[in-house]
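# Chains, contacts and geometry: an overview
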Amino acid sequence: MRLTATLNVPHLGPREVAIVEHPDRYMWVSEAMVTRSGGSVSVQSDLVPSDAQPFMVDRSALTITVIGGGQAYEAQGCTGGS
């Protein structure tokens, strides 16, 4: 499953990175791709369960951290969008 989240995050520096965390330690989460557009950051990451079967994501259980310029912004959970 590809997760895409858009966060309103102040610019943290020239090299912003993001980390997506899922509470299931057996869930594989890919390195996040980050793109910035003004005051928003788009974060994309793939999630694959250990059994590679379809699954539901409890968005409220996700943690997304954006890091850059010696600063960090953390979002706990997210709402759904279109």
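Higher on the page you've got the structure.
The following paragraphs examine the structure supplied in this document. (Residues numbered from 1 in each chain as written. Predicted model: local features only at pLDDT ≥ 70, side-chain atom pairs only at ≥ 80, totals over all residues. Heavy atoms only, no water.)

## Digging into the side chain of Glu 16
Here Glu 16 is to be found in the loop between β1 (2-8) and β2 (17-21). A relative accessible area of 15% places Glu 16 in the buried class. At 2.8 Å, the side chain of Glu 16 forms a polar contact with the backbone nitrogen of Leu 12. Excluding residues that lie within four positions of it along the chain, Glu 16 makes contacts with Pro 10, His 11, Val 34, Arg 36, Val 41, Val 66, Ile 67 and Gly 68. (Helix = DSSP H or I, 4+ residues; strand = E, 2+ residues; numbered from the N terminus. Buried < 20%, exposed > 50% of the residue type's maximum accessible area, 1.4 Å probe, protein only. Polar contact = N/O pair within 3.5 Å; in protein donor to acceptor, adjacent residues only side chain to side chain. Contact = heavy atoms within 4.5 Å.)

## Quick notes on the nonpolar core
Membership of the largest hydrophobic core comes to 17 residues, with the highest contact counts inside it found for Leu 7, Val 9, Val 20, Val 43, Ile 64 and Val 66. Looking at this core, the elements that each hand over two or more residues are β1, β2, β5 (40-48) and β6 (63-68). In this view, Val 43 contacts Leu 3, Thr 4, Ala 5, Ala 18, Val 20, Ala 32, Met 33 and Ile 64; residues no more than four positions away in its chain are not counted. (Core = buried A, V, L, I, M, F, W, Y, C linked by side-chain atoms within 4.5 Å.)

## Comments concerning the environment of Ser 50
In this structure, Ser 50 sits in the loop between β5 and β6. Residue Ser 50 is classed as exposed on the basis of its relative accessible area, which comes to 64%. For the pair Ser 50 and Ile 64, spaced 14 residues apart in the sequence, the C-alpha separation amounts to 21 Å.

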